[in-house]
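This is what each chain is made of:
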Amino acid sequence: MVRGGEFTIADVKRVLRKHWWIIPACAVGCAALSTLVATQLPKKYMSETVVLVAKPTVPTEYLKPVVTEDLNRRLASMKEKILSQTRLAPVIEKLDLYHADRGRLHMEDLIERLRKVIEISPLEPVPGAQDRTVPGFSVQVTFDNPQSAREICAEIAAMFIEQNARDLERQAVRTASFIGHELEEAKAKLDEQDAKLAQFKRQSIGSLPQVEQSNLSSLSTLNSRLKANAQALSLVQQDKAFDESHLSEAKANWKASRSKPNPQTLEEQLRVEQDQLTVLESRYTAAHPAVIEAKDRIAELKKRLGDTPNFDNTSAESQKASEPSQVQKLRSKLRKDEIRIADLTKQQTEIQDQIRLLEGRAQATLIVEQQQKQLTRNYKSVLDLYNGLLKKQQALATDPAHQPQGEQFRVLDQPSLPTKPSFPKILYFAGGGLGGGIVLGVAIIYLLVATDNTLHTEKEVEMYLKLPVLASLPDMKSSARQGGKCGTAHER
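The structure presented is a predicted model; accordingly, all values stated were derived computationally and were not measured.

Here is what the cut-offs are and how they apply
Residues numbered from 1 in each chain as written. Predicted model: local features only at pLDDT ≥ 70, side-chain atom pairs only at ≥ 80, totals over all residues. Heavy atoms only, no water. Helix = DSSP H or I, 4+ residues; strand = E, 2+ residues; numbered from the N terminus. Buried < 20%, exposed > 50% of the residue type's maximum accessible area, 1.4 Å probe, protein only. Contact = heavy atoms within 4.5 Å. Areas by Shrake-Rupley, 256 points an atom, 1.4 Å probe, with all protein chains shown as cover. Core = buried A, V, L, I, M, F, W, Y, C linked by side-chain atoms within 4.5 Å. Pairing = 2+ DSSP bridges. Axes fitted to C-alpha atoms, helices over the stretch in contact; angles between N-to-C directions. Parallel < 35°, antiparallel > 145°, perpendicular 65-115°, else oblique. Left-handed = near helix turned anticlockwise from the far one by under 90°. Disulfide = S-S within 2.5 Å. Patch = residues over 30% accessible without salt bridge, like charges linked within 9 Å, V, L, I, M, F, W, Y side chains within 5 Å. Salt bridge = Lys/Arg side-chain N within 4 Å of Asp/Glu carboxyl O. pLDDT = per-residue confidence, 0-100. Phe/Tyr/Trp six-rings, centres within 6.5 Å; stacked < 30°, edge-to-face > 60°.

(A) Seen up close, the overall build of the chain. Tallying secondary structure elements over the chain gives 14 helices and four strands in all. The buried share of the chain, reckoned over its 492 residues, is 30%. For the chain, contacts bridging at least 24 residues in sequence account for 81% of all contacts bridging at least 6. As presented, the chain carries roughly 31500 Å² of accessible surface, and 56% of it is formed by carbon and sulfur atoms.

Dropping the structure here:
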């Protein structure tokens, strides 16, 4: 007897010994019933194909793909487009699906039924692979006709491939338009930077870092020229001072000789000239013009000394003659000295101006170098941007549908033609019925055990009835077996 909903192993064994046949009977009955139901259900056939996603053949570091959207999002977007009413209605018309239901159902209902039999599942990446992107997806179509299932699967796979190519082409066209616009702007910026750099070079042509060494070399040369010019100018000024003093003496002597042309005066003048020649020879070489002129004057004085006796016979006209050649030569030489001094002074001024100009350029070279670096850096940045956009435009110049930088969809296997129905599976139904029957039998046994209120032992009688047991009826089968054994023993 079950007490408070609890029972023992002995209770279970007692019920099983009496009702064991219930479990196999339920299992066999449910399995037979499930098999019968499976044979009566309408059969469904499943056609399947796998579409692989071919990665770009050109590495992304050389050519960026035109489509950068995640593949899962692209598949979800394409799935919504392909399973839309616009795309599925022509499939129903083309394959003549649901012919018997067209008269009584709206096209929206038929499209919804077709949408339910199509299943698109992404493939899982290979475990352990570094690339975790989706390698492809499968298309499964379950239909009541195997040929129709295959045709629908082929149509859906073809629509995915067509939609992918269309998306690639559309994206490539948009990308090409965008790159073209960006390329025009980059070209305008490049021309602007090129013009700025060229103008800067024209304005700073002498202060560029490239000519710094040339400027320093020219500055050194000009300093040497300035030093040589200063030395030459000093010598010419000394010559001029000497010539001026000599001219003054020569004029004084000439005037004195005209007033008192006696040998003593000429001899004194000759002596003075000889003393000057000695001084000149100590300063210059024999080939120096001043030395040569001094020698000429001495020779002339000696000649005049030789002509002195006839001096008294000279006429008044000879006394009023013009300046002697010595004075004229000294005047001519003095003019040459002045001209030479003027030229050297002019050259000195020009050299000094050039030196100041080169020094200013040398001081401005550092600033110019910084400005040139900034302009060059800007120009290079714009040039790199322009070249990058130009390469992308050239890469997009081919047919967008055959571009290697886009992911291509390729059918791995053609849609299969199912020969066995995918639903219902008789073995699955039979196994399920068998398992369900066993569960049902166990449940029945449990109910029998739980609802058993009979008393089976003296202990249960004394516990529940609160009365002593005066007598008990033996189990007749056990008594018979025991009696047989006792009779046999008694006969012995």
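That covers the picture; the talk isn't over yet.
(B) Geometry of unusual backbone geometry. Its identity as a non-glycine residue notwithstanding, Asp-96 has a phi of 55 degrees, on the positive side. Along the chain, Asp-96 turns up in the loop between α4 (85-95) and α5 (107-116). The phi dihedral of Tyr-98 is positive, around 50 degrees, even though this residue is not glycine. Here Tyr-98 lies in the loop between α4 and α5.

(C) Molecular detail of the nonpolar core. Counting residues in each nonpolar core, the largest one holds 33 residues, and the members touching the most others are Leu-97, Leu-114, Ile-118, Phe-137, Ile-152, Ile-156 and Phe-409. At the level of secondary structure, the elements contributing two or more residues to this core comprise β1 (45-54), α3 (71-82), α4, α5, β2 (118-122), β3 (136-143) and α6 (146-203). With seven residues, the single largest contributor to this core is α6. Leave out the neighbours within four places in its chain, and Phe-409 touches Val-51, Leu-52, Val-53, Leu-71, Arg-74, Leu-75, Met-78, Phe-137, Phe-160, Ile-161 and Asn-164. Core analysis: the next-biggest nonpolar cluster, separate from the first, contains ten residues, Leu-277, Val-291, Ile-298 and Leu-301 among them.

(D) Broad picture of the sheet that holds strand β4 (residues 408-413). Overall, antiparallel pairing links the four strands, which are arranged β2-β3-β1-β4 in an open sheet. Both edges of this open sheet fall to β2 and β4, since each of them pairs with a single strand only. Between one strand axis and the next, the sheet turns by 25 degrees as a mean value, whatever way the strands run. Against the sheet, α3 touches β1, β2, β3 and β4, its axis set at about 75 degrees to β4.

(E) Up close: the side chain of Asn-164. In this structure, Asn-164 sits in helix α6. Those residues in contact with Asn-164 that lie beyond four places of it in its chain are Arg-74, Met-78, Glu-407, Gln-408 and Phe-409.

(F) Structural context of the packing of helix α1 (residues 9-19) against helix α12 (residues 426-450). Look at α1 against α12: their axes get within 10 Å of each other, and the N-to-C directions meet at 120 degrees. The angle between α1 and α12 places the two elements in the oblique class. Viewed along their axes, α1 and α12 form a crossing whose handedness is right-handed. Residue-level contacts link Asp-11, Val-12, Val-15, Leu-16 and His-19 of α1 to Ile-445, Leu-448 and Val-449 of α12.

(G) Main features of the state of the cysteines. Across all of its chains, the model carries zero disulfides by this definition. No disulfide involves Cys-30; its sulfur sits 6.1 Å from the nearest other cysteine sulfur, which is in Cys-26. Overall, Cys-30 belongs to the partly exposed group, its relative accessible area being 22%.

(H) Summary view of a nonpolar patch on the surface. On the surface, Leu-33, Leu-36 and Val-37 cluster together to form a nonpolar patch covering roughly 270 Å² of accessible area. Of note, Val-37 is situated in helix α2 (residues 22-40).

(I) Up close: the confidence of the model for the chain. Chain-level pLDDT for the chain is 76 on average; 74% of the residues reach the 70-or-more range. Across residues 310-321 the pLDDT falls below 50, and counting only partners more than four positions away or on other chains, this stretch makes seven contacts in the model.

(J) Geometry of the environment of Lys-55. Relative to the helices and strands, Lys-55 is located in the loop between β1 and α3. Residue class for Lys-55 comes out partly exposed when judged on its relative accessible area of 35%. Lys-55 sits 354 residues away from Phe-409 along the chain, and the two C-alpha atoms are 9.2 Å apart.

(K) Fine view of the packing of aromatic side chains. Applying the stated criterion across every chain yields a total of three aromatic pairs. Where Tyr-98 meets Phe-143, the ring centres are 5.5 Å apart and the plane angle is 65 degrees; that geometry is what we call edge-to-face. Residue Tyr-98 is located in the loop between α4 and α5, and its partner Phe-143 is located in strand β3; the two are separated by 45 residues in the primary sequence. Taking relative accessible area as the criterion, Tyr-98 reaches 11% and is therefore assigned buried. Judged by centre distance (5.5 Å) and plane angle (70 degrees), the rings of Phe-137 and Phe-409 are edge-to-face.

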